Amino acid sequence: MPDRWPQLLLGMLLPCPLQLGWIKTFDIALPVALTNDADGGYSAIHYDQPGHRLWLLSDLPGGHLSSTTLPSALSGPRHLKTISIQVPAPISQQLDAEALVIDGDQAWVASEGRRSRERPAQLLRFSLPRGAFLQAVPLPAAWQPGPEQGLESNAGPESLARLSRADQPLALLMAAERPLRQGPADQVPLLRWHWPPGRDPRRDAPLAAPHGTLRSPAGGNWGLTDLLVLHPPGGAGAPQLLSLWRRYREPLQWDNQLRLYPLPAAGRVAEALQVWDLHALGITPENWEGLSLGPELSPGQPSLLLVSDDNRNPLQSSRLAQLQARRSPRCEQNR
């Protein structure tokens, strides 16, 4: 069933005015039952609206995609099932699954890579619900490792989002975690993955094209960990990008931000339209990596879900948080 939310996102998900910010509705540690040897290390989240459940992607070497219920006033999340996602050894010696887009009965996953032939960064396709490997798509030459070029090791791609509306042919938007070696030190690049006419998105490999860059937060050492593409209602106007950023500082300190950008055209740099400090909203400082549209908390207004990666570190935790946009009465009247 087509998801109606992409037509409402820009008008309904965001605070109005933007300066009003967000309300934290919960920030909980995921139960140990969800973070056993088969799970944890969560790097991406997807809320399935029709099924009212979560998909959680793990970046652990085993490669897993887990399905859970949402927490309620009476109980926490409950594990439903875990799917193993693996790639053949010739494709990669180790999967490092960092980003997720679910399109019907297929899952697109971005694997981060380590600047080596044994562990390349790439775009992967899996079937659902079995998790069978279907396809590996290499990244473009500019993102490949070479002398003074390409992605940094363990620095992307961390973000993958559906770029097209649900009622349009599939297109994906990928982002690196950090700038390319050959690029400006304060710009994170974007890639658009699309299928030209005559190519079947269900079977054929997509083509990649540069799609501009996002200006990184000031202060250095920030990484982009996830994206949402927000479409304006009625198809008028350009999409915007809601992005999740993190910064690590010794000893075990995390900074976390949400940043809103216009979608840049190829060759252009997008500056942040608005910045929200997650700690100021009451969100636990952690390694927040995943961002997803969430369930409606009021009619027509979806929430925002975030998940953190515990890095399998006993001093960290896998957490699930939910935010709701603050909206003035005038905004509601003009919907």
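Residues numbered from 1 in each chain as written. Predicted model: local features only at pLDDT ≥ 70, side-chain atom pairs only at ≥ 80, totals over all residues. Heavy atoms only, no water.

J.: In this structure, what is going on with the pattern of salt bridges? I would like to understand it.
T.: Should the charged atoms of two oppositely charged side chains come close, the side chains can pair. The full count for this structure, using the stated rule, is 18 salt bridges. Among the ionic pairs, Glu271 bridges to Arg215, the shortest N-O distance being 2.7 Å. Of this pair, Glu271 sits in the loop between strand E17 (269–270) and strand E18 (274–277) while Arg215 sits in strand E13 (residues 207–215); the two residues are 56 residues apart in sequence, bridging distant segments of the chain. Of the residues examined, Arg215 reaches a relative accessible area of 25% and is grouped as partly exposed. Linked by salt bridges that have partners in common, Glu158, Glu177, Arg178, Arg246 and Glu289 make up one network. (Salt bridge = Lys/Arg side-chain N within 4 Å of Asp/Glu carboxyl O. Helix = DSSP H or I, 4+ residues; strand = E, 2+ residues; numbered from the N terminus. Buried < 20%, exposed > 50% of the residue type's maximum accessible area, 1.4 Å probe, protein only.)

J.: It is not clear to me how the sheet that holds E17 should be interpreted in this structure. Could you clarify?
T.: Strand pairing in a sheet relies on backbone hydrogen bonds, with the paired strands running either antiparallel or parallel. Taken in spatial order, the five strands line up as E10-E11-E12-E13-E17 in an open sheet, and their pairing is mixed. Edge positions in the sheet fall to strand E10 (159–162) and E17, since each of these pairs with one other strand and no more. (Pairing = 2+ DSSP bridges.)

J.: Looking at this structure, how should I read the sheet that holds strand E1 (residues 22–29)?
T.: With antiparallel pairing, four strands are arranged side by side in an open sheet as E1-E21-E20-E19. Each having just a single partner strand, E1 and strand E19 (288–298) make up the two edges of the open sheet. Going from strand to strand, the sheet's axes swing by 20° on average, the running direction of each strand aside. (Axes fitted to C-alpha atoms, helices over the stretch in contact; angles between N-to-C directions.)

J.: How should unusual backbone geometry be read in this particular structure?
T.: Most of the time, phi is negative for any residue but glycine, and the peptide bond is trans. Between Leu128 and Pro129 the backbone carries a cis peptide bond, its omega angle lying at 10°. Positionally, Pro129 belongs in the loop between strand E8 (122–127) and strand E9 (133–138). Cis peptide bonds are those with omega within 30 degrees of zero, and the linkage from Gly156 to Pro157 qualifies with 0°. Checked against the element boundaries, Pro157 lands in the loop between E9 and E10. Here Glu148, not a glycine, exhibits a phi torsion of approximately 60°, which is positive. Within the secondary structure, Glu148 sits in the loop between E9 and E10. Even without glycine at this site, Leu252 takes up a positive phi of about 50°. Topologically, Leu252 is positioned in the loop between strand E15 (240–249) and strand E16 (253–262). Residue class for Leu252 comes out partly exposed when judged on its relative accessible area of 31%.

J.: How do you make sense of the state of the cysteines when you look at a structure like this?
T.: Here is the idea: a disulfide is a covalent bond, and it sits between the sulfur atoms of two cysteines. Counted according to the given criterion, the structure contains one disulfide. Put simply, Cys16 and Cys331 are joined by a disulfide, and their sulfur atoms are 1.9 Å apart. An S-S torsion of about -75° defines the bridge between Cys16 and Cys331 as left-handed. Taken together, the positions of Cys16 in the loop between helix H1 (9–12) and E1 and Cys331 in helix H2 (residues 329–333) put the pair 315 residues apart, joining distant regions of the chain. You can call Cys16 partly exposed: its relative accessible area is 23%. (Disulfide = S-S within 2.5 Å.)

J.: Is there a simple way to think about the nonpolar core in this case?
T.: Soluble globular proteins: nonpolar side chains tend toward being buried together. One finds Leu172, Met174, Leu227 and Leu241 to be the most contacted residues of the largest nonpolar core, which totals 36 residues. Among the elements of the structure, strand E6 (97–103), strand E7 (106–111), E10, strand E11 (172–175), strand E12 (187–194), strand E14 (222–230) and E15 are those that each provide at least two residues to this core. Non-local contacts of Leu172, meaning those with residues more than four positions away in its chain, are made with Val101, Trp108, Leu123, Leu160, Ala161, Arg162, Leu163, Leu191, Arg192, Trp193 and Trp195. Residues Leu14, Leu260, Leu281 and Trp288 belong to the second largest nonpolar core, which totals 21 residues. (Core = buried A, V, L, I, M, F, W, Y, C linked by side-chain atoms within 4.5 Å. Contact = heavy atoms within 4.5 Å.)

J.: In this structure, what is going on with the pairing of strand E20 (residues 301–308)? I would like to understand it.
T.: A regular strand places its side chains on the two faces of the sheet in alternate fashion. The buried count for E20 comes to eight of eight residues, which makes it a mostly enclosed element. Strand direction decides the pairing type here: E19 and E20, joined by seven bridges, are antiparallel. Bridge pairing in E20 places Trp288 opposite Ser308. Note: E20 against strand E21 (residues 319–325), four bridges, orientation antiparallel. Within the sheet, the bridge partner assigned to Val307 lies in E21 and is Leu320.

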